[in-house]
Amino acid sequence: MSVKSYSLKKDGNKRLSTNFTLRELVSKDGADRALVDTKLIDYLQQIRSHFKKAVIINSSYRTTAHNKAVGGQPNSYHTKGMAADIVVSGVSAKRVAQYAEAIGVKGIGWYETQRFTHIDTRTSKYYWKDKSGNSRNTFSDCPYAEPSSNLTVNSSGNGVKWLQWHLNNLGGKLAVDGTFGAKTKAAVIAYQKEHNLAADGIVGGATRKSLKIEVI
Ligand SMILES: [Zn+2]
């Protein structure tokens, strides 16, 4: 995390990444000073590049006064330049939350009725829906928890079901039986080849991350 301070007057047109200028992140009350975390820009750019659609920033940095005026929580990450409420053109707020989760964003709020997604650069995980306090463990539609260790032939259990569910979502026709047999192995190797991963039939961190992003 590295929060930088800017001046709207001086830096308004400054490009902070390929697709974002400072002007898009300043406080909506017109204050000149703005804070922006470089990590937030990284996340925003990853989201922009993944969906290849415009990312509209409803609100990012807020001065204390503006935060109060819009009913933000007193110590909101918005007042620290560490948060953004975003809409990706043509993409549901839930899908944006799912993608943010897949790339490792720790603070995510899915606002279903208001149709935006809050992301922030906090360092310990907190996910919620609609309002803070309404916490949840994941935004994924997969009913099985992601395995924390490598999977390979003869692995079994819910981690393998997680894998089979993801492969099926990408067009596979595996039985979601929690048994890592020959068919699952063949599907894993085919997936790895297609995605320039080591085609070893072992599902480690890189393959899992790729699978999570791919289904979104
Ligand atoms: Zn927010």
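Residues numbered from 1 in each chain as written. Predicted model: local features only at pLDDT ≥ 70, side-chain atom pairs only at ≥ 80, totals over all residues. Heavy atoms only, no water.

Draft legend 1. The arrangement of the nonpolar core in detail. Counting 38 residues, the largest nonpolar core has L25, L44, I47, F51, I86 and I119 as its most contacted members. Other than its neighbours up to four places away in sequence, I86 contacts L44, I47, V55, I56, I57, V96, F116 and T117. Counting residues in hydrophobic clusters, the runner-up holds twelve residues, among them L151, V188, Y191 and L211. (Core = buried A, V, L, I, M, F, W, Y, C linked by side-chain atoms within 4.5 Å. Buried < 20%, exposed > 50% of the residue type's maximum accessible area, 1.4 Å probe, protein only. Contact = heavy atoms within 4.5 Å.)

Draft legend 2. Quick look at the sheet that holds strand β7 (residues 107–111). Strand order in the open sheet formed by six strands is β5-β6-β8-β7-β9-β10, with mixed pairing between adjacent strands. At either margin of the open sheet sits one strand with a lone partner, and together these are β5 (55–59) and β10 (135–136). Bridge count between strand β6 (residues 83–88) and strand β8 (residues 116–120): four bridges; the pairing is antiparallel. Looking at the pairing, D85 lines up with H118 of β8. Of the strands in this sheet, β5, β6 and β8 are in contact with helix α2 (residues 38–51), which crosses β6 at around 10°. (Pairing = 2+ DSSP bridges. Helix = DSSP H or I, 4+ residues; strand = E, 2+ residues; numbered from the N terminus. Axes fitted to C-alpha atoms, helices over the stretch in contact; angles between N-to-C directions.)

Draft legend 3. Helix α5 (residues 158–169), seen in detail. An ideal rise of 1.5 Å per residue puts 16 Å on twelve residues; α5 measures up with 16 Å between its terminal C-alpha atoms. Along α5, the residues that are buried comprise G159, V160, W162, L163, Q164, H166 and L167. The elements touched by buried residues of α5 are α6 (182–194) and α7 (205–214). (Expected span 1.5 Å × (residues − 1).)

Draft legend 4. Looking closely at the environment of G178. Among the secondary structure elements, G178 is positioned in the loop between α5 and α6. In this structure G178 comes out as buried when scored by relative accessible area, which is 3%. C-alpha of G178 to C-alpha of R23: the two residues are 155 residues apart in sequence and 50 Å apart in space. What G178 contacts, discounting residues up to four positions off in sequence, is S155, S156, G157, V160, K161 and Q164.

Draft legend 5. View of the domain arrangement of the protein chain. The domain architecture assigned to the protein chain consists of domain 1 (3–136) and domain 2 (158–214). Centre-to-centre, using C-alpha coordinates, domain 1 lies 32 Å away from domain 2. (Domains from an automatic or database assignment.)

Draft legend 6. Looking closely at the packing of α5 against α7. The interhelical angle for the contact between α5 and α7, taken along N-to-C directions, is 45°, at an axis separation of 10 Å. Judged by the angle between their axes, α5 and α7 are oblique. Handedness of the α5/α7 crossing: left-handed. Here W162, L163, H166 and L167 of α5 come into contact with α7, specifically with R208, L211 and K212. Taken together, the residues of the contact of α5 with α7 break down into four nonpolar, one polar and two charged. (Parallel < 35°, antiparallel > 145°, perpendicular 65-115°, else oblique. Left-handed = near helix turned anticlockwise from the far one by under 90°. Nonpolar A, V, L, I, M, F, W, Y, C, P; charged D, E, K, R; others polar.)

Draft legend 7. Spatial organisation of α6. Between its first and last C-alpha atoms α6 spans 18 Å; for 13 residues at 1.5 Å apiece the expected length is 18 Å, and the two agree. Where α6 is concerned, the buried positions are T184, V188, Y191 and Q192. Viewed along the axis of α6, the buried residues span an arc of 100°, placing them on a single side of the element. Exposed residues pointing more than 90 degrees away from the buried face of α6 are listed as A182, K183, K193 and E194. Summarising the contacts, the buried residues of α6 are in contact with α5 and α7. Once α6 ends, the next one or two residues include N196, with phi positive near 55°. (Arc of directions from axis to C-beta.)

Draft legend 8. Region of the structure containing the coordination of the zinc ion. Listed as protein donors to the zinc ion are H78 (NE2), D85 (OD) and H118 (ND1); their distances from the metal cover 2.0 to 2.1 Å. When the donor residues of the zinc ion are listed from N- to C-terminus, their spacing reads H-x6-D-x32-H. With D85 in strand β6 and H118 in strand β8, this residue pair connects regions lying 33 residues apart in the sequence. Each member of the pair, D85 as well as H118, is classed as buried. (Donors = N, O, S within 2.8 Å, 3.2 Å for Na, K, Ca; no water.)

Draft legend 9. The arrangement of the pattern of salt bridges in detail. On inspection of all chains with the given rule, the structure shows six salt bridges. D85 serves as the salt-bridge partner of R62, at 3.2 Å between the closest nitrogen and oxygen. Here R62 is found in the loop between β5 and α3 (64–69), whereas its partner D85 is found in strand β6, with 23 residues between them in sequence. Both residues of the pair, R62 and D85, belong to the buried class. For K129, the salt bridge identified is with E112, shortest N-O distance 2.9 Å. Of the two residues, K129 is situated in strand β9 (residues 126–129) and E112 in the loop between β7 and β8; the sequence distance between them amounts to 17 residues. Looking at E112, the relative accessible area reads 41%, which means it is partly exposed. The structure contains a network of salt bridges with shared partners spanning E146, R208 and K212. (Salt bridge = Lys/Arg side-chain N within 4 Å of Asp/Glu carboxyl O.)

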